[in-house]
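Examination of the molecular architecture
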Amino acid sequence: PCVAGACDGSEAGPGDPEDARAVLQRKLRVLIVDDNSDAADSLSTLLQVQGHATSVEYDAQSALRRARAERPDVMLIDIGLPDVDGYQLAQELRSLPETAATVPVAVTGYGQAKDRERALQAGFAHHLVKPVDMTALARILESSAALAAVAEAASAPRPASASESEETMAPA
């Protein structure tokens, strides 16, 4: 679904419109971590319909293993997990080089101000209260796609410009 003009690139800001469209079309690798299998699987299906590649884990240790192997762009993490709570999982993710670029999002029933503060202190980039506001989630995914696209562009080899080619071909 579109969020406040995002589908036409009107919020992309200055720059090449093609770059803006590429960011908006960038699909994410999303890992959903929730011990409520119905909630996790439903959210996974919704995100797949939107074109994202999703995977689901129902406990923190399995999620940590998968995150290290797959390096998701975004992780949607329930706080009340059975083995290790989501706060501890977020702290572990932040400490690993494999998941340094992953955007952790708390998806929880804990919605008080102190819960939000604790989530941010644990390393979550965002805090969403269940049931998830899909518009808010779409905005988070859109900003995460922009970050991922910028990171990919920065790490991609750039072709030499004409002036660089001439310099390397000029006789010494």
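Now for a quick tour of the structure. Remember, it's a predicted structure, so these values are computed and weren't measured experimentally.

1. Here's the deal with the pattern of salt bridges
- Inspection of every chain in the model, using the stated rule, returns six salt bridges.
- Notably, a salt bridge pairs Glu98 with Arg68, separated by 3.4 Å at the nearest N-O pair. Taken together, the positions of Glu98 in the loop between helix H4 (86–95) and strand S4 (103–108) and Arg68 in helix H3 (residues 60–70) put the pair 30 residues apart, joining distant regions of the chain.
- Several salt bridges share partner residues, and in doing so they unite Asp34, Asp78 and Lys130 into one network.

2. Considerations on the nonpolar core
- Formed by 20 residues in total, the largest nonpolar core has its most connected members in Val33, Met75, Ile77, Leu89, Leu93 and Phe124.
- Broken down by secondary-structure element, the contributors of at least two residues to this core are strand S1 (29–33), H3, strand S3 (74–77), H4 and helix H5 (113–122).
- Leu93 has contacts with Leu64, Ala67, Met75, Ile77 and Thr99, leaving out every residue within four places of it along the chain.
- Counting residues in each nonpolar core, the second largest holds 18 residues, with Leu76, Leu128, Leu137 and Ala145 among its members.

3. A word on the packing of H3 against H4
- Viewed as axis vectors pointing N to C, H3 and H4 meet at an angle of 20 degrees, and their least axial separation amounts to 11 Å. Classed by the angle they form, the pair H3 and H4 counts as roughly parallel. Relative to H4, H3 is oriented so that their crossing is right-handed. Contacts between H3 and H4 involve Ala60, Ala63, Leu64 and Ala67 on the former and, on the latter, Leu89, Glu92 and Leu93.
- Classifying every residue of the contact of H3 with H4 gives six nonpolar, no polar and one charged.

4. Describing helix H6 (residues 134–155)
- Over its 22 residues, H6 runs 31 Å from end to end, which matches the ideal 32 Å to within 8%, given 1.5 Å per residue.
- If you check which residues of H6 are buried, you get Leu137, Ala138, Ile140, Leu141, Ser144, Ala145, Ala148 and Ala149.
- Looking at where H6 begins, the residue whose side-chain oxygen comes 2.9 Å from the main-chain nitrogen of Thr135 is Asp133.

Conventions we followed
- Residues numbered from 1 in each chain as written.
- Predicted model: local features only at pLDDT ≥ 70, side-chain atom pairs only at ≥ 80, totals over all residues.
- Heavy atoms only, no water.
- Salt bridge = Lys/Arg side-chain N within 4 Å of Asp/Glu carboxyl O.
- Helix = DSSP H or I, 4+ residues; strand = E, 2+ residues; numbered from the N terminus.
- Core = buried A, V, L, I, M, F, W, Y, C linked by side-chain atoms within 4.5 Å.
- Buried < 20%, exposed > 50% of the residue type's maximum accessible area, 1.4 Å probe, protein only.
- Contact = heavy atoms within 4.5 Å.
- Axes fitted to C-alpha atoms, helices over the stretch in contact; angles between N-to-C directions.
- Parallel < 35°, antiparallel > 145°, perpendicular 65-115°, else oblique.
- Left-handed = near helix turned anticlockwise from the far one by under 90°.
- Nonpolar A, V, L, I, M, F, W, Y, C, P; charged D, E, K, R; others polar.
- Expected span 1.5 Å × (residues − 1).
- Polar contact = N/O pair within 3.5 Å; in protein donor to acceptor, adjacent residues only side chain to side chain.

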